[in-house]
Amino acid sequence: MPMNNRPTNKRRPTPPNRRGMKNAGFVALIVLIGLVVYAAYSQPSATKTIPVTEAVKAANSGQYSKIVVSGNELSITKKGDDKASIKTYTDPNASVKELGIDFSKVQVSFKPESSGSSFWVIFLQSFLPILLIGGLLYFMLRSAQGQGNQALSFGKSRARLYGNEKDKIVFGDVAGQGEAKQDLEEVVEFLKYPKKFQGVGARIPKGVLLVGPPGTGKTLLSRAVAGEANVPFFSISGSEFVEMFVGVGASRVRDLFAKAKKNAPCIIFIDEIDAVGRRRGSGMGGGHDEREQTLNQILVEMDGFEQGQNVIVLAATNRADVLDPALLRPGRFDRRVNITLPDRQDREAILKVHFDKKPLGKDVNLDALAAKTAGSSGADLANIANEAAIIAARNNHSQINQDDVTEAFERVAIGPERKNKIMNDKEKEITAYHEAGHAIVGHVLPDSDPVHKVTIIPRGGTGGVTWFLPPEDRSYTSVIEFKDVLARALGGRIAEEVIYGKDRVTTGAGNDLQKAAEIARDMIVNQGMGRKLRDQVFHVDDGMMLDKLVHERDYSDDTAKLIDEEVESLITEAANRARAVIKANLKKIEALKDKLIEKETVEEKEVAEVLHGSVLPKEAALY
Ligand code: ADP
Ligand code: MG
Ligand code: ZN
């Protein structure tokens, strides 16, 4: 069971203050609105308006102490009060003197007009709408820019600049990968001491291509190069060049290289370069015009570097085979650093790096975990470490213990347990027979990996799992090993068939069959392992043409038919071998099934005990 290669989240560094400032602006806006409302409602509160004749009468009878006239508005203060509490209005054209107020009974003063409204009310009334609209516009513009300048700057490169950060990455952060590091140390030297190389007439390479499976640390290594050389690092992903609009990619490339030249010495890192760098003119890949233009621009820019400019372009891909040969020409990406899946020792080193910052219990055996994780990438291992920490936290452990680590490993490899998915007894029995079938075939066939664990607890998308683990790393797989893998993959379906009958087999084997078909086709098409079609490979170019998938193949229809026949014969042979093993070991299958129903999960040792004494029938043996 291969490990899943889950993509790890790449963090886009966002300016930390942006968000906070936005919030502050928002609060200010709310406060402003609050002020307006306050001003509108809290103005002249406890004043009473009375008819002017009544006011004059009261004034002349000596009830008031003070009248303040402002235009046609009279504010009246009663005797004994210290604040105006009454208002009245005269006819706008009439003079106050004509009202007949006895000036000896009350003190009358005049104030310039309009001073009745306070300064704040005037201020808010006249300026607030402008402020509000201005503020709104400002925030709208800001948030438009906040989204990576998308709306306003298509042609700008979206390269992100790293360097001078606190969490700078250096070679020490990359575990293992000794050879790749050695190759890249040279690049660091070019960046640090260019004179030394130019002095003896050496041409400093412009492009270095990092090739390796996903998650093996290509991006990490490139950042480490920048960190070691202490130069800025412009990072952009190939897919970011490709936009809906023709010409955008090319202009982004131009912008990126212009920025880089200004910041030399520096590193440009183009991640996933196969997104733009595919072989041109194959008619594959929708909208390839745009891709071609972008690719051409990259080539032009790389050729345009003058000697001594000291910009090194690193690029990463896991599909070096599809790259345009023009990219790989001398003077462009002529250096190649191969990055491989880590071996056991490197896996342990990577695990150490990632468990290092976490509280780890004394019982955790990273060496054993490294042994179990053959085929895992660095990203997988980092993922296991993170999952283990999550599981430990959820179990309220203060330290990560061995059970947490085991659970994390299984989660990453085959998905989380689905303990609350309920299976009825019949389904449980079918699953137990099915898994016992896989297990017995794998156990009996001499070139299969040993059974690591069998479980009928649903995990990820499957009903149960039989898990084989290679005892050690291997780089090659032989025909015989492939055939044993095929047979054990069919073991589940065949066990159902033998136990319940041909037409009672279930959909539980869907995944198995698909995997078997893939392996068989790979053997024939890519590995030259057919019977008639020996030592030949058949190239298929999968691609998207407009919106339909196309397969461009370089062999005839007759060959296609032959390939299908070869695949079929491999599958049939595997099914027959599985059937022979199962029929010869029915008692063992029964025993393992019972154990599974009883315990749900049976570990390596116990599987071996239960299946001890099983036999390899002649029909299933290959040699
Ligand atoms: P790639 O670019 O090859 O797909 P990345 O460089 O993005 O892979 O690696 C993903 C993550 O995996 C890294 O962030 C790191 O946590 C982990 N990783 C991969 N290889 C190593 C390694 N050799 N040492 C330490 N961590 C690694
Ligand atoms: Mg990457
Ligand atoms: Zn199965």
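Residues numbered from 1 in each chain as written. Chains lettered and ligands numbered in written order. Predicted model: local features only at pLDDT ≥ 70, side-chain atom pairs only at ≥ 80, totals over all residues. Heavy atoms only, no water.

Let's talk about the overall build of the protein chain
Short version of the rule: For the purposes of this entry, the term helix denotes a DSSP run of H or I that reaches at least four residues, the term strand denotes a run of E that reaches at least two, and both are numbered from the N terminus. For every residue, the accessible area obtained with a 1.4 Å probe (protein chains only) is divided by the maximum for its type, and the residue is called buried under 20%, exposed over 50%, and partly exposed between those limits. Contact criterion: two residues are considered in contact whenever any of their non-hydrogen atoms come within 4.5 Å of each other. For the area figures, the Shrake-Rupley method with a 1.4 Å probe applies, and any residue is considered shielded solely by the protein chains shown.
Each helix and strand counted, the protein chain has 21 helices and 16 strands in total. With 623 residues in all, the protein chain has 42% of them scored as buried. Pairs at least 24 residues apart make up 75% of the contacts formed inside the protein chain by residues separated by at least 6 positions. Within the structure as shown, the protein chain displays about 34000 Å² of accessible surface, and the carbon and sulfur contribution to it stands at 53%.

Quick word on the sheet that holds strand β2 (residues 64-70)
Applied cut-off: Here a strand pair is declared whenever DSSP counts at least two bridges between the two strands.
The five strands are arranged β1-β4-β3-β2-β5 in an open sheet whose pairing can be described as mixed. Each edge of the open sheet is held by one strand with a lone partner, namely β1 (48-49) and β5 (107-110). Pairing analysis gives four bridges linking strand β3 (residues 73-78) to strand β4 (residues 86-89), with the strands arranged antiparallel. Note on β4: the bridge partner recorded for Glu-73 is Tyr-89.

So, the pattern of salt bridges
As a reminder of what qualifies: Take a side-chain nitrogen of Lys or Arg and a carboxyl oxygen of Asp or Glu: if they are within 4 Å of each other, that pair is a salt bridge.
One pass over the structure, following the stated rule, counts 29 salt bridges. Residues Glu-73 and Lys-87 are paired through a salt bridge, measuring 3.5 Å at the closest nitrogen-oxygen approach. One end of the pair, Glu-73, is in strand β3; the other, Lys-87, is in strand β4, and 14 residues separate them in sequence. Taking relative accessible area as the criterion, Lys-87 reaches 15% and is therefore assigned buried. Two residues, Asp-321 and Arg-319, come together in a salt bridge whose shortest N-O distance is 3.1 Å. Residue Arg-319 is classed as partly exposed on the basis of its relative accessible area, which comes to 35%. Overlapping salt bridges, with partners in common, bring together Glu-387, Glu-407, Glu-410, Arg-411, Glu-417, Lys-453, Arg-459 and Glu-603 in one network.

A few points about the site of ligand 1
Filter applied, for reference: Here a residue is considered near a molecule or strand provided that any single heavy atom belonging to it is located within 4 Å of it. Here a polar contact is recorded for every N or O atom pair within 3.5 Å, except that within protein the pair must consist of a potential hydrogen donor and a potential acceptor, and residues adjacent in sequence are included only if both atoms are side-chain atoms. Classes in brief: Ala, Val, Leu, Ile, Met, Phe, Trp, Tyr, Cys and Pro nonpolar; Asp, Glu, Lys and Arg charged; the others, Gly included, polar.
Neighbouring residues of ligand 1: 16 residues in total, closest Ala-175, Gly-215, Lys-218, Thr-219 and Leu-220. One of the backbone N or O atoms of Leu-220 is found 2.9 Å from an oxygen atom in ligand 1. The fraction of the free accessible surface of ligand 1 (560 Å²) that becomes covered by protein chains is 86%. Counting residues per element, the ones that place at least two in the shell around ligand 1 are α6 (218-229), α12 (344-355) and α14 (378-394). Looking at the shell around ligand 1 residue by residue, the class counts come to seven nonpolar, seven polar and two charged.

Thoughts on the coordination of the zinc ion (ligand 3)
For clarity, the threshold we go by: Listed donor atoms are N, O and S within 2.8 Å of the metal (Na, K and Ca: 3.2 Å). As water is not included, a site may look incomplete.
Looking at the zinc ion (ligand 3), the protein donor atoms are His-434 (NE2), His-438 (NE2) and Asp-512 (OD), and they sit 2.0 to 2.1 Å from it. One chain supplies every donor for the zinc ion (ligand 3), spaced along it as H-x3-H-x73-D. Residue His-434 is located in helix α16 (residues 425-444), and its partner Asp-512 is located in helix α18 (residues 510-525); the two are separated by 78 residues in the primary sequence. Taking relative accessible area as the criterion, Asp-512 reaches 16% and is therefore assigned buried.

A closer look at the side chain of Arg-577
Counting through the fold element by element, Arg-577 comes out in helix α19 (residues 557-584). Separated by 2.8 Å, the side chains of Arg-577 and Asp-484 make a polar contact.

Some words on a nonpolar patch on the surface
We count it as follows: Surface patches are drawn from residues lacking salt bridges whose relative accessible area is over 30%; two like charges belong together within 9 Å, two nonpolar side chains (Val, Leu, Ile, Met, Phe, Trp, Tyr) within 5 Å.
A cluster of nonpolar side chains, Phe-127, Ile-130 and Leu-131, forms an exposed patch at the surface whose accessible area comes to about 300 Å². Mapped onto the fold, Phe-127 is located in helix α3 (residues 119-146). Phe-127 sits in the partly exposed class, given a relative accessible area of 45%.

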